[in-house]
2 protein chains.
Amino acid sequence: MNNQNIKLAKFAGFCYGVKRAVETVKKLKLENPDKNVYILGELIHNTDVINELESLGIKTIYEVPERGEGICVIRSHGEAPEVFEKIKNAGFEIVDLTCPDVKKVQQRAIELAKEDYFVVIVGKSNHPEVMAIKANADLYSSNVAVATTIQELEPYEEKIKAHNKVGVVVQTTQMVSTLNTLVSYLNTISKEVLVHNTICKSTAMRQREAKELANESDLMIVVGSKKSANTTHLAEILKNCTKTIHIENDEELNLESFQNAENIGITAGASTPESIINNVINKIKGGK
Amino acid sequence: MNNQNIKLAKFAGFCYGVKRAVETVKKLKLENPDKNVYILGELIHNTDVINELESLGIKTIYEVPERGEGICVIRSHGEAPEVFEKIKNAGFEIVDLTCPDVKKVQQRAIELAKEDYFVVIVGKSNHPEVMAIKANADLYSSNVAVATTIQELEPYEEKIKAHNKVGVVVQTTQMVSTLNTLVSYLNTISKEVLVHNTICKSTAMRQREAKELANESDLMIVVGSKKSANTTHLAEILKNCTKTIHIENDEELNLESFQNAENIGITAGASTPESIINNVINKIKGGK
């Protein structure tokens, strides 16, 4: 397969917020070898990274215990204020690694709630980042809705119409097309719609660049967890441009299925480590 | 043609702002028989109405003379502040019949300009209502753009990106789909987009009802001037629903062209007098 050109997207893999979280957690354990270091929830959607952290003595926990000691890390997705309280009350020291971009979304949602906007959060209601944003806004208003489709907003239509104004924030890795669909609907039922496009720069640039690469490729390979929202969005967007496959790692790669592809583009989600991307590239180059 | 059902839309013809303007001007002349009564620009896009006003002694003028006396009426579209000044300085008494809905758009645009938003006015740059809105906003900001297409906004892209926030107002008879196209574009280049959907209720209801009627009709007839923005928008929207013809009056009606239509829906723009709509209905019923 010597005729294949492989091009890796510039913005593939770890984003700033994830890189910062992984590096800080490792440093934290190094500087505090005698302290327990816990992370609440998976730091990133990648088993290899979770295992590596585990081997360094950094434990992933999925619930806050009644009592405990040591450091408890808040991952880049952020957490609800009541979770912070619970961790503090249990006796842990908190290290907050909420991505600064995510913090901004929380702040915007709080501002909108305080200013009496009907708050719409664009995102999946079961996404941890969305749950934390909502929990923050809920403290200031009972008019907060979460949606990625018009159908999810329709039950609020009468309430939104009765309200004077709607404010919109967006989960940082959402697609701008989802935002636009919801805003177009809101424009038909509300006289004032304030949109904070809080999709993070990293996501926007990753999507834009990947689309450009897709337009000059016969095949796009998106590498990353199928649990990761930003990775699945990436694959969804690229499917509209060219043939696209979404794999978690090189093991899922079936070389025979794209023998005829001349120009192959590769990109990866924000939680995909470099090593996994490299394995995929090597497997294609090696043709094995 | 006895098998044809003809249904007239409820919201066909004069809107509140136009009705108010026509009635007030007539009353004004009645109450001031000895005073000159001028209207600056055509009160509505309809020759019959203009002629009727003329016969009552109400003159339509297209420019403000250097000097003059009597009453000068501002039509429902509104005017630039400098035109108000010019009329006053020429010696006229001003009667301002700017539609209250249009006044609200002007006020919103001024507020956005004062609050340092980059102001986008959705509308045709040569529409009198848009020109007056823009002139009001221009007094407070040099960052005001007018557009109905993304292409018209593109020259401002760098300026909008550099600006922190964009505020949007809409000419009262625009289509919400045009607003949504521009807002979707603005969401990709600006972090904060504040949308005041100032499309007037009358336009929104007229469009919504006409669409419903179109969905149950084989043919829609839109009656009104081809110079009228709201009438042409109406025809444009209905063309996506069913076969639609846009005529100015019954003389343009070619009965042979729709002999096979069973259900005919009729609607009319905001500047179409009832008499013209009735003439159209009578011609179809008479089958002549």
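Residues numbered from 1 in each chain as written. Chains lettered and ligands numbered in written order. Predicted model: local features only at pLDDT ≥ 70, side-chain atom pairs only at ≥ 80, totals over all residues. Heavy atoms only, no water.

Asker: Quick question: what am I supposed to make of the environment of Glu 251 of chain A here?
Answerer: With respect to the helices, strands and loops of the structure, Glu 251 of chain A is situated in the loop between strand 11 (243–247) and strand 12 (263–268). Note: C-alpha distance between Glu 251 of chain A and Lys 283 of chain A (32 residues apart in sequence) is 9.1 Å. (Helix = DSSP H or I, 4+ residues; strand = E, 2+ residues; numbered from the N terminus.)

Asker: Please clarify how the relation of the copies chain A and chain B should be interpreted in this entry.
Answerer: The relation between the two copies of this chain is a rotation about an axis and a shift parallel to it. With an RMSD of 0.0 Å, the operation that places chain A on chain B is a rotation of 180 degrees combined with a shift of 0.0 Å along the axis. The symmetry that links the two subunits is that of a two-fold axis. Every residue of chain A has its C-alpha some distance from the rotation axis, and the shortest such distance is that of Leu 194 of chain A, at 2.1 Å. Mapped onto chain B, 100% of the interface residues of chain A are again interface residues, and the two copies thus contact each other with one and the same surface. (Least-squares fit on C-alpha atoms with pLDDT ≥ 70 in both. Contact = heavy atoms within 4.5 Å.)

Asker: How do you make sense of the packing of helix 4 (residues 100–114) of chain B against helix 5 (residues 128–138) of chain B when you look at a structure like this?
Answerer: Between two packed helices, the angle of one axis relative to the other and the distance separating the axes together describe the packing. Residue and element names in this part refer to chain B. At a minimum axis separation of 8 Å, helix 4 and helix 5 run at an interaxial angle of 35 degrees. Crossing of helix 4 over helix 5 shows right-handed handedness. Along its contact with helix 4, which presents Val 102, Val 105, Gln 106, Ala 109, Ile 110 and Ala 113, the element helix 5 presents Glu 129, Ala 132, Ile 133, Asn 136 and Ala 137. Looking at the contact of helix 4 with helix 5, its residues break down into eight nonpolar, two polar and one charged. (Axes fitted to C-alpha atoms, helices over the stretch in contact; angles between N-to-C directions. Left-handed = near helix turned anticlockwise from the far one by under 90°. Nonpolar A, V, L, I, M, F, W, Y, C, P; charged D, E, K, R; others polar.)

Asker: Explain the interface of chain A and chain B here, please?
Answerer: Quoted interface sizes are often the accessible area lost when the parts come together. Listed as interface residues are 16 residues of chain A and, on the opposing side, 16 residues of chain B. Note on chain A versus chain B: buried area summed over both sides is about 1400 Å², and carbon and sulfur give 40% of it. The largest contributions to the chain A side of the interface with chain B come from Asn 187, Lys 191 and Asn 197 of chain A, which together make up 36% of the buried area. Across the contact surface, chain A and chain B share zero salt bridges. Taken together, the links from chain A to chain B amount to 12 residue pairs in polar contact (both at pLDDT 80 or more). Counting residues per element, the ones that place at least two in the side of chain A that touches chain B are helix 8 (176–189) and strand 9 (192–196) of chain A. A total of seven residues in the side of chain A that touches chain B trace back to one element, the largest contributor, which is helix 8 of chain A. For the side of chain A that touches chain B, the residue count by class is seven nonpolar, seven polar and two charged. Relative to strand 9 (residues 192–196) of chain B, strand 9 of chain A is paired through five bridges, and the arrangement is antiparallel. (Buried area = accessible area lost by both parts, 1.4 Å probe. Salt bridge = Lys/Arg side-chain N within 4 Å of Asp/Glu carboxyl O. Polar contact = N/O pair within 3.5 Å; in protein donor to acceptor, adjacent residues only side chain to side chain. Pairing = 2+ DSSP bridges.)

Asker: Hey, could you run me through the packing of aromatic side chains in this one?
Answerer: Per the counting criterion, the structure on display carries four aromatic pairs over all chains. Relative to Tyr 156 of chain A, the ring of Phe 118 of chain A has its centre 5.9 Å away and its plane inclined at 65 degrees; by these criteria the two rings are edge-to-face. One end of the pair, Phe 118 of chain A, is in strand 6 (residues 118–122); the other, Tyr 156 of chain A, is in the loop between helix 6 (150–153) and helix 7 (157–162), with 38 residues separating them in the sequence. Look at Tyr 38 of chain B and Phe 92 of chain B: their rings are 5.6 Å apart centre to centre, the planes differ by 80 degrees, and that puts the pair in the edge-to-face class. Pair noted here: Tyr 38 of chain B is in strand 2 (residues 37–40) and Phe 92 of chain B is in the loop between helix 3 (81–90) and strand 5 (93–96), with a separation of 54 residues, a long-range link. The exposure class of Tyr 38 of chain B is buried, given its relative accessible area of 18%. When the ring centre of Tyr 117 of chain A is taken as origin, the NZ or CZ atom of Lys 165 of chain A, which lies over that ring, is 4.4 Å away. (Phe/Tyr/Trp six-rings, centres within 6.5 Å; stacked < 30°, edge-to-face > 60°. Buried < 20%, exposed > 50% of the residue type's maximum accessible area, 1.4 Å probe, protein only. Lys NZ or Arg CZ within 6 Å of the ring centre and 35° of its normal.)

Asker: I would appreciate a short explanation of the pairing of strand 8 (residues 166–170) of chain A in the present structure.
Answerer: A regular strand places its side chains on the two faces of the sheet in alternate fashion. Residues and elements named next belong to chain A. Among the five residues of strand 8, five are classified as buried, and the element is accordingly described as predominantly covered. Side chains Val 166, Val 168 and Val 170 of strand 8 all project onto a buried face; the interleaved residues Gly 167 and Val 169 project onto the opposite face, where all are buried too. Taken together, the three bridges between strand 8 and strand 9 define a ladder with parallel strand orientation. Of the residues in strand 9, the one forming a bridge with Val 166 is Val 193.

Asker: Looking at this model, I keep getting lost on helix 4 of chain B. Mind explaining?
Answerer: In an α-helix, one full turn covers 3.6 residues, which means residues spaced three or four apart are oriented alike. All names here are of chain B. Given a rise of 1.5 Å per residue, 15 residues ought to cover 21 Å, and the 21 Å separating the end C-alpha atoms of helix 4 matches this to within 8%. In this fold, the buried residues of helix 4 make contact with strand 6 (118–122), helix 5, strand 8 (166–170) and strand 9. Asp 116 lies just past helix 4 and shows a positive phi near 65 degrees. (Expected span 1.5 Å × (residues − 1).)

Asker: Any chance you could explain the sheet that holds strand 10 (residues 219–223) of chain B here in plain terms?
Answerer: Backbone-to-backbone hydrogen bonds pair the strands of a sheet. The strands run either parallel or antiparallel. Residues and elements named next belong to chain B. Strand order in the open sheet made by the four strands is 1-12-10-11, with parallel pairing throughout. Every interior strand has two partners, whereas the edge strands, strand 1 (5–8) and strand 11 (243–247), have only one. Ignoring which end each strand starts from, the neighbouring axes of this sheet average 20 degrees apart. Note: strand 10 against strand 12 (residues 263–268), five bridges, orientation parallel. Paired with Val 222 across the strands is Thr 267, a residue of strand 12. Helix 9 (residues 201–215) rests against strand 1, strand 10 and strand 12 of the sheet, and its axis sits at about 170 degrees to strand 12.

Asker: Please clarify how the sheet that holds strand 8 of chain A should be interpreted in this entry.
Answerer: Read from one edge of the open sheet, eight strands run 7(A)-6(A)-8(A)-9(A)-9(B)-8(B)-6(B)-7(B), paired in mixed fashion. Taken across any chain shown, the strands that pair with only one partner, and hence form the sheet edges, are strand 7 (144–147) of chain A together with strand 7 (144–147) of chain B. Averaged over all neighbouring strand pairs, the angle between strand axes comes to 20 degrees, with direction disregarded. Across the sheet, helix 8 of chain A lies against strand 6, strand 7, strand 8 and strand 9 of chain A together with strand 9 of chain B, angled at about 165 degrees from strand 9 of chain A, the strand it touches most.

Asker: Explain the confidence of the model for chain A here, please?
Answerer: Close inspection of predicted coordinates is inappropriate in any region flagged by low pLDDT. For chain A, per-residue confidence averages 93 on the pLDDT scale, and 99% of positions sit at 70 or higher. Here the predicted complex carries an ipTM of 0.81, next to a pTM of 0.86. (pLDDT = per-residue confidence, 0-100.)

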